Amino acid sequence: MPGNEKEYIPLSVPCFEGNEKKYVNDALAQGWVSTGGAYITRLEEQLAAYLNVKKAAACQSGTAALHLALLECGVQPGDLVIVPTLTFIAAVNPVRYQYAEPVFMDCDESLCMDPVKLRGFCERECSLEDGRLVHTASGKTVKAVIVVHVFGNFADMEAIMDVAETYGLRVIEDATEALGTRYTQGRYAGRFAGTIGDFGAFSFNGNKIITTGGGGAVTGRDEQEVCHMQYLSTQAKDDPQFYIHNETGYNYRMTNLQAALGVAQMEELPEFVARKNRNYAVYREQLADFELGRLPGFREGTYSNRWFYAVELAMDRIQMSLREIITAMQEAGIQTRAVWGLIHEQLPYRGAIAYEMERAPYYSGCILNLPCSAQITEEQIVYVAEQLKKICCRKS
Ligand SMILES: *Cc1c(COP(=O)(O)O)cnc(C)c1O
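None of these values were measured; they are calculated from a predicted model. (Residues numbered from 1 in each chain as written. Predicted model: local features only at pLDDT ≥ 70, side-chain atom pairs only at ≥ 80, totals over all residues. Heavy atoms only, no water.)

Below, the discussion takes up the state of the cysteines. All chains considered together, the criterion is met by zero disulfides. Its sulfur unpaired, C107 is 8.3 Å from the next cysteine sulfur, which belongs to C112. Overall, C107 belongs to the buried group, its relative accessible area being 3%. Considering cysteine sulfurs only, C392 is the nearest to C393, which forms no disulfide, with 7.1 Å between them. Accessibility expressed as a relative area gives 51% for C393, which makes it exposed. (Disulfide = S-S within 2.5 Å. Buried < 20%, exposed > 50% of the residue type's maximum accessible area, 1.4 Å probe, protein only.)

Structure, rendered in C-alpha cells:
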C-alpha cells in the first residue's frame, strides 16, 4: 500500500503479462538462441505490419539501429550530423562511431528538436553547394539530422521534413521512445513515429514501452536500404557456405531469445499504449490543482504512446533543488529522476557546435520524470501526485 515502507514505486519497469515465458521456452527447446531463428523474422514481420512499413530489421540495441542508419546515410569521417542536445546520449554517440561530428540543436516546447532553429542553422550558418549542405565556418558537409521523439512525443515532422527537403538532408528518426506514437491529423495522418523520415530506429531496452531485455530495430523508407542494413548487421555475409564478405559488417543482429520475448511483448503493445494513456490522464487530473508544476502536453494532431511522464516544475517558486526533491520522493518510496544533462555540455562533446541554446538549458533544470510503468495502479499515481505536491511546498 502507498505509505507502507515496503512498497516502492519504481520509475519504469518491464511488464510481462502475456506469452513471454512460453515463447522463450520454445526458443530454448528448439535450441535456436542466437542470431538465427524463426522468432527474429516473426518479430520483424510483426513490427513491419504494426508500423505499416515494408520491412524492419531487428538488431541488438537502439544504439546499433542508429549506427546502421548513419552507415546507410553514408555518414563519413569529418561529416556533420545535426542532433538534439536534450536527449539520451545514445542518440548522439553513433555519430562519433563514424568519426563524424554532431551539431547540437535546441528543443521547442515539445522537448523535441526545434524546426525553426534547424532551418535557421541551415540558412544562416551553411550554404548549398552542388546539392551538398556545407557548414560555412568549418567547410564540412552536413549529411543528416537525427530527430528524437522525446518521451513518446512526436517531433514536428511536417516542419522538419520541409527543412530536410530544402537542404537535402537525410532524416533519421530516433523513435526509441516512441513506438506506437502516430499522427492523427495533417499531412502525415495515420503515420507512425519512425516511418516518416528516411530511417526509423527503435529500442527494446528494459525501460522502453516493450522490451527484449536489450534490443532494437531499424526501418526505412527504401526497402533495399533496410535489407542492406540487415546485411551489415550480420557481418555482411554474402555467402554463408563459403564465408564471402564484400563489406565491413557488424555483429548487430538480434538473437532469437531476445526476439521470442519481443514477439510476446508486441502482442501486448496496444494494451501498454492504452494503459499509458489512461495513467497519464490520471496524473493530469491529480496534478490539475498543482500550482508549482505542470505536465507538458503532447503534440496536437497526434496520438502519443505517452511512454514517459514528465512534470515541468516552477523551480523559481520552489524552495528546494531538483536533487532535494528527488531525494525526498525517494524517501517517500517513489523513484523519480531529472531529465538528461545536456549532451553538448558532457565531457566528450565540449567544444562541438551548439546552435542558439535557450530552451534546452531551461528544461534540463526543471523537468522531473514520474513513475510510468504500464502496471502502475491508480492508487499509486494518486500517492505519487500527493507526495509531489507536498514535497514541493516544503521549505528547505
Ligand atoms: C533508449 C534510447 C536509445 C538507445 O537505445 P538502446 O536500445 O538502449 O541502445 C537511443 N536514443 C534514445 C532517445 C533513447 O531513449
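Side chains of strand β18 (residues 367-370) alternate between two faces, with I367 and N369 and L368 and L370 buried alike. Bridge analysis of strand β15 (residues 309-313) against β18 gives four bridges, and the strand direction is antiparallel. Paired with Y309 across the two strands is L370, which belongs to β18. Where strand β16 (residues 337-338) and β18 come together, two bridges link them in antiparallel fashion. In the strand pairing of β18, R337 is matched with N369. (Helix = DSSP H or I, 4+ residues; strand = E, 2+ residues; numbered from the N terminus. Pairing = 2+ DSSP bridges.)

Moving on, we come to the site of the ligand. Neighbouring the ligand are 15 residues, the closest being G62, T63, E177, S203 and K208. Contact between the ligand and T63: an oxygen atom at 2.5 Å from a side-chain N or O atom of the residue. T176 is positioned with one of its side-chain polar atoms (N or O) 3.3 Å from a nitrogen atom of the ligand. A per-class count over the shell around the ligand returns four nonpolar, eight polar and three charged. (Near = heavy atom within 4 Å. Polar contact = N/O pair within 3.5 Å; in protein donor to acceptor, adjacent residues only side chain to side chain. Nonpolar A, V, L, I, M, F, W, Y, C, P; charged D, E, K, R; others polar.)

Together, L28, V33 and L257 make up an exposed nonpolar region whose accessible area comes to about 220 Å². The residue V33 is located in the loop between α1 (20-30) and α2 (38-51) in this model. (Patch = residues over 30% accessible without salt bridge, like charges linked within 9 Å, V, L, I, M, F, W, Y side chains within 5 Å. Areas by Shrake-Rupley, 256 points an atom, 1.4 Å probe, with all protein chains shown as cover. Salt bridge = Lys/Arg side-chain N within 4 Å of Asp/Glu carboxyl O.)

For the protein, the assigned domains read domain 1 (5-13 + 269-392) and domain 2 (20-266). In this structure, domain 1 and domain 2 have C-alpha centres spaced 25 Å apart. Listed as interface residues are 41 residues of domain 1 and, on the opposing side, 50 residues of domain 2. In total, domain 1 and domain 2 occlude about 4100 Å² of area from one another, counting both sides; carbon and sulfur atoms represent 62% of this. In terms of surface lost to domain 2, no three residues of domain 1 exceed L269, W340 and Y355, which account for 20% of the buried area on that side. In this structure, the connection of domain 1 to domain 2 is made through four salt bridges. A salt bridge links D114 to R359, with the shortest nitrogen-to-oxygen separation between them at 3.1 Å. Our count for the contact surface shared by domain 1 and domain 2 stands at 29 residue pairs in polar contact (both at pLDDT 80 or more). (Domains from an automatic or database assignment. Contact = heavy atoms within 4.5 Å. Buried area = accessible area lost by both parts, 1.4 Å probe.)

All right, on to the sheet that holds β18 then. Reading across from one edge, β13-β15-β18-β16 is the order of the four strands in this open sheet, with antiparallel pairing throughout. Edge strands, defined here as strands with exactly one partner in the open sheet, are β13 (293-294) and β16. Sheet strands in contact with helix α8 (residues 256-286) are β15 and β18, and its direction is about 25° off that of β15. (Axes fitted to C-alpha atoms, helices over the stretch in contact; angles between N-to-C directions.)

A word on the pattern of salt bridges. With the rule as written, the count across this model stands at 16 salt bridges. Its salt-bridge partner being E225, residue R170 comes within 3.2 Å of it at the nearest N-O pair. Of this pair, R170 sits in strand β7 (residues 170-174) while E225 is found in helix α7 (residues 223-233), placing the two residues 55 residues apart along the sequence. Taking relative accessible area as the criterion, R170 reaches 23% and is therefore assigned partly exposed. Close ionic contact of R275 with E271 constitutes a salt bridge, the shortest N to O distance being 2.7 Å. Taken together, the residues span about one helical turn, with R275 and E271 both in helix α8 at a distance of four residues. A relative accessible area of 15% means that R275 is categorised as buried. When its relative accessible area of 36% is taken as the criterion, E271 is described as partly exposed. Among the charged side chains, a salt-bridge network with shared partners connects R170, D198, R221 and E225.

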